[in-house]
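Examination of the molecular architecture
So you can see what is in the structure, the chains are spelled out below.
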Amino acid sequence: MKPGDTLPERTFGPQTRTDIVRYQGASGDFNPVHHDDEFARAGGLPDAISVGMLQAGYLGTYCVDLFGPTAVRSIAVRFAEPVRPGDVLTCAGTVADVRPEGDGRVADLDLRITRSGGGVAVTGAVTVRLEN
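Figured I'd write up the structure that's included with this text. Just so we're clear, the structure is a prediction, and the values are computed from it rather than from any experiment. (Residues numbered from 1 in each chain as written. Predicted model: local features only at pLDDT ≥ 70, side-chain atom pairs only at ≥ 80, totals over all residues. Heavy atoms only, no water.)

Quick word on the overall build of the protein
A count of helical and extended segments in the protein gives three helices and five strands. Each helix and strand of the protein, ordered N terminal to C terminal, gives the series β-α-α-α-β-β-β-β. Here the C-alpha coordinates of the protein stretch approximately 55 × 30 × 20 Å along the principal axes. The long-range share in the protein, meaning contacts at least 24 apart out of those at least 6 apart in sequence, stands at 64%. Split by element, the accessible area of the protein, about 7,000 Å² in all, is 53% carbon and sulfur. Within the protein, the 17 negative side-chain charges are centred at a point lying 2 Å from the centre of the 13 positive side-chain charges. (Helix = DSSP H or I, 4+ residues; strand = E, 2+ residues; numbered from the N terminus. Contact = heavy atoms within 4.5 Å. Areas by Shrake-Rupley, 256 points an atom, 1.4 Å probe, with all protein chains shown as cover. Lys, Arg positive; Asp, Glu negative; His and termini not counted. Charge placed at Lys NZ, Arg CZ, Asp CG, Glu CD.)

Pasting the structure below:
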């Protein structure tokens with residue numbers, strides 16, 4: 001693994017309203033903008049939008065699937081575009097840096113989630129520990 005390497009893509013979805021509501025129940029975020037179209041429209045949105053932290057969870061899952069459950073050292077996300085029910089989400093990324101750390105190596109990754117019918121919904125900066 002070296003800087004510039006492309007990571008394999010992983011697709012989630014299509015995102016369903018059930019996915020969103022289940023995440024709301026698990027997280028305790030019951031803001032109706034995430035499940036009630038009428039409420040979302042009253043706030044100026046075209047319809048309900050997904051919970052951003054659900055997409056952050058997808059990025060975490062993506063990293064764990066690629067590098068293992070104990071590899072993720074840090075993750076930071078930026079929400080750039082709303083995700084809606086019906087969107088298919090694709091996680092992808094590149095290796096920004098690989099460096100020694102302690103008795104091993106870590107990689108800094110630049111990640112993104114794109115949504116079908118739209119642009120980049122989420123970007124992320126993740127550091128993972130690499131197997132020796």
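Remarks on the sheet that holds strand 3 (residues 89-101)
Read across the open sheet, the five strands follow the order 1-3-4-5-2; overall the sheet is antiparallel. Across the chains shown, the open sheet's two edge strands, defined by having one partner strand only, are strand 1 (6-12) and strand 2 (72-79). Pairwise comparison of adjacent strand axes, ignoring direction, gives a mean angle of 20 degrees for this sheet. Both strand 3 and strand 4 (residues 104-115) contribute to a ladder of 12 bridges, which runs antiparallel. Residue pairing in the sheet places Arg99 in a bridge with Val106 of strand 4. Against the sheet, helix 3 (residues 52-67) contacts strand 1, strand 2, strand 3, strand 4 and strand 5 (120-130), and its axis sits at roughly 130 degrees relative to strand 1. (Pairing = 2+ DSSP bridges. Axes fitted to C-alpha atoms, helices over the stretch in contact; angles between N-to-C directions.)

Comments concerning the pairing of strand 3
Here strand 1 pairs with strand 3 via five bridges, running antiparallel. Bridging across to strand 3, Thr6 finds its partner in Thr94. Joining the antiparallel neighbours strand 3 and strand 4 is a turn of two residues, in which Gly102 adopts a positive phi near 60 degrees.

Thoughts on a nonpolar patch on the surface
Side chains of Met53, Ile75, Val77 and Phe79 sit close together on the surface and give an oily, nonpolar patch of about 340 Å² of accessible area. Mapped onto the fold, Val77 is located in strand 2. By relative accessible area, Val77 is classed as partly exposed at 30%. (Patch = residues over 30% accessible without salt bridge, like charges linked within 9 Å, V, L, I, M, F, W, Y side chains within 5 Å. Salt bridge = Lys/Arg side-chain N within 4 Å of Asp/Glu carboxyl O. Buried < 20%, exposed > 50% of the residue type's maximum accessible area, 1.4 Å probe, protein only.)

As for helix 3
Residues three or four positions apart in an α-helix share a direction because the helix packs 3.6 residues into each turn. Relative to the 22 Å expected for 16 residues at 1.5 Å per residue, helix 3 spans 23 Å between its end C-alpha atoms, a close match to the ideal helical length. Taken together, the buried positions of helix 3 are Leu54, Gln55, Ala56, Tyr58, Leu59, Gly60, Tyr62, Cys63 and Phe67. In the segment just after helix 3, Gly68 is the residue with positive phi, at about 105 degrees. (Expected span 1.5 Å × (residues − 1).)

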